[in-house]
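Geometric and topological summary
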Amino acid sequence: MKKSRWVALTVVLAWVSLSQAAVNIETVPVGNPGNAGELSGSGAGGYGPDRICGAVDYTYNIGKYEVTAGQYTDFLNAVAATDTYGLYTVNMEVGAGCRIQRSGSPGNYTYSVASDWANRPVNYVSWGDAMRFTNWLHNGQPTGDQGHGTTEDGSYYINGATTNTQLLAVCRGVNATWVITSEDEWHKAGYHKNDGVTGNYFNYPTSGDVVPSNDLVDPDPGNNATFYSSSYTISSPYYRTEAGAHENSESPYGTFDQGGNVWEWNEAVIGSCRGLRGGGFNATAEDLGIACRKWFYPSDQSYDVGFRVAAVPEPTSVALLTVGCVAVLSRRRGRGE
């Protein structure tokens, strides 16, 4: 049986408790500041508009794992007793959801998640939901209604934004600490060879150039990810593996599941959408590849979309890290569906 890798400091029995224990985001450092980027997109043999990706001129930390359903449940219990901005959707509880359940009535909502789902990635989270989670981390994980001291200000000044147009206009703040990854931060952590100030990259975020397998075996032989290849890596109802289940298939910087499990939000603006990278449990190997750039409306919540976070320094240039805070095109979604 696979050994679970717990990321949240949440004691899980039959159901994750409703406690307000601190959420611990385990991170890994990404160094080699000043590395060169590389072309990604259709011009590089992948998908999406062309862009030079991966160049980052500072050291930062990135989540070792995707944000889990257990961590997100703790967040909901801290700030969503009323859930003013729809951080929870009933889709999380059923079907391909992550089995987060809500009980009670507005003003007294509480949330729980099944123990066998708590360490799998959260899904059905919008780009706005992910921003509010990072603001909550930035603010020290407070408990209270969704407002400026909890979810609406911090690394991002959201101030009640919920529509696609409003969310596209939100940029990372100058004093940001916990953030949704920029596309460059995500790309570097997943693909850069961690070999100094170079422009050398692997094709896949499993530290290899060969197409990964989608096997879940113990011990993991390496170069595996959770995606669709003739069959799913893990069958219904889970589809998604626990955080770090492919224990020898990390990126050169030590991140897990940047390929597969769930698509991950990043800060890029592509048309009227926000960026997605990495592929999900139902994606093909091509979607995991270095040249695949896709996108989704920032207010939408999907069964195959989640996120990971990063912890950044506070240089004055940090406000310029988001590429394009204002959308200039009108485009639906671009995940090849």
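Let us look at the structure shown here. It should be emphasised that the depicted structure is a prediction, and the values quoted were computed from it without experimental measurement.

1. Looking at the pattern of salt bridges
In the structure shown here, the tally under the stated rule is eleven salt bridges. Residue Lys64 is joined to Glu26 by a salt bridge in which the shortest nitrogen-to-oxygen separation is 3.4 Å. Within this pair, whereas Lys64 is found in the loop between β4 (60-63) and α1 (69-79), its partner Glu26 is found in the segment before β1 (27-30), the two being separated by 38 residues in sequence. Residue Glu26 is classed as partly exposed on the basis of its relative accessible area, which comes to 31%. Here Glu183 ties to Arg293 by a salt bridge, and the two come within 2.8 Å at their closest N and O atoms. Here the residue Glu183 occupies a position in helix α4 (residues 183-191), and Arg293 occupies one in the loop between α5 (285-288) and β10 (294-296), the gap between them amounting to 110 residues. Each of the two residues, Glu183 as well as Arg293, counts as buried.

2. Points about the nonpolar core
Membership of the largest hydrophobic core comes to 57 residues, with the highest contact counts inside it found for Tyr72, Met92, Ile100, Val122, Phe133, Trp265 and Phe307. Looking at this core, the elements with two or more residues in it are β1, β4, α1, β6 (110-113), α2 (127-138), β7 (178-180), β8 (263-270) and β12 (309-311).

3. What to know about the pairing of β8
Among the eight residues of β8, eight are classified as buried, and the element is accordingly described as predominantly covered. Across two bridges, β8 lies against strand β11 (residues 305-306) in parallel orientation. Bridge pairing links Trp263 to Val305 in β11. Here β8 pairs with strand β9 (residues 273-277) via four bridges, running antiparallel. Among the inter-strand pairings, Val269 is bridged to a residue of β9, identified as Arg274. Hairpin geometry of β8 and β9 is characterised by an intervening segment of two residues between the two adjacent antiparallel strands and by a positive phi of about 65° at Gly271.

4. Some remarks on the sheet that holds β9
Here we have four strands laid out as an open sheet, ordered β10-β9-β8-β11, and mixed in their pairing. For this open sheet the edge positions go to β10 and β11, each flanked by a neighbour on one side alone. Two elements, β9 and β10, share three bridges in a ladder whose sense is antiparallel. For Gly275, the partnering residue across the bridge sits in β10 and is Trp295.

5. Thoughts on α1
Counted residue by residue, α1 has eleven buried out of eleven residues, so it is predominantly covered. Of the positions making up α1, those classed as buried are Ala69, Gly70, Gln71, Tyr72, Thr73, Asp74, Phe75, Leu76, Asn77, Ala78 and Val79. The elements touched by buried residues of α1 are β5 (100-103), β6 and α2.

6. Digging into the environment of Asn203
With respect to the helices and strands, Asn203 occurs in the loop between α4 and β8. A residue is classified by how much of its surface remains accessible, and Asn203, at 34% relative accessible area, is partly exposed. In the structure, Asn203 is positioned 88 residues away from Ala291 in sequence and 8.1 Å away in space, judged by C-alpha atoms. With residues near it in sequence (within four places) discarded, Asn203 still touches Tyr191, Gly208, Asp209, Leu288, Gly289 and Ile290.

7. Considerations on the environment of Gly199
Structurally, Gly199 is set in the loop between α4 and β8. Classification of Gly199 by relative accessible area gives partly exposed; the value is 37%. Taking the C-alpha atoms as reference, Gly199 lies 8.2 Å from Ala55; in sequence the two are 144 residues apart.

8. Focus on the packing of aromatic side chains
The final tally for this structure, using the stated rule, is 20 aromatic pairs. On the basis of an interplanar angle of 70° and a centroid distance of 6.3 Å, the ring pair of Trp127 and Tyr156 is categorised as edge-to-face. Taken together, the positions of Trp127 in helix α2 and Tyr156 in the loop between α2 and α3 (164-168) put the pair 29 residues apart, joining distant regions of the chain. Assigned by exposure class, Trp127 and Tyr156 land together as buried. The lysine or arginine in question, Arg102, covers the ring of Tyr109, its NZ or CZ lying 3.9 Å from the ring centre. The positively charged end of Arg132 is found above the aromatic ring belonging to Tyr85, 4.5 Å away from the centroid.

9. Quick word on unusual backbone geometry
With an omega of 5°, the peptide bond between Asp218 and Pro219 qualifies as cis. With respect to the helices and strands, Pro219 occurs in the loop between α4 and β8. Note that the residue after Ser236, namely Pro237, is joined by a cis bond; omega there is 5°. Structurally, Pro237 can be placed in the loop between α4 and β8. For Asn159, which is not glycine, the phi torsion reads 55° and is therefore positive. Overall, Asn159 belongs to the partly exposed group, its relative accessible area being 43%. Within the chain, Asn261 stands out as a residue other than glycine whose phi angle is a positive 70°. Here Asn261 is to be found in the loop between α4 and β8. Judged by its relative accessible area of 0%, Asn261 is buried.

Definitions and limits used
Residues numbered from 1 in each chain as written. Predicted model: local features only at pLDDT ≥ 70, side-chain atom pairs only at ≥ 80, totals over all residues. Heavy atoms only, no water. Salt bridge = Lys/Arg side-chain N within 4 Å of Asp/Glu carboxyl O. Helix = DSSP H or I, 4+ residues; strand = E, 2+ residues; numbered from the N terminus. Buried < 20%, exposed > 50% of the residue type's maximum accessible area, 1.4 Å probe, protein only. Core = buried A, V, L, I, M, F, W, Y, C linked by side-chain atoms within 4.5 Å. Pairing = 2+ DSSP bridges. Contact = heavy atoms within 4.5 Å. Phe/Tyr/Trp six-rings, centres within 6.5 Å; stacked < 30°, edge-to-face > 60°. Lys NZ or Arg CZ within 6 Å of the ring centre and 35° of its normal.

These values are about where atoms sit, not about what they do.
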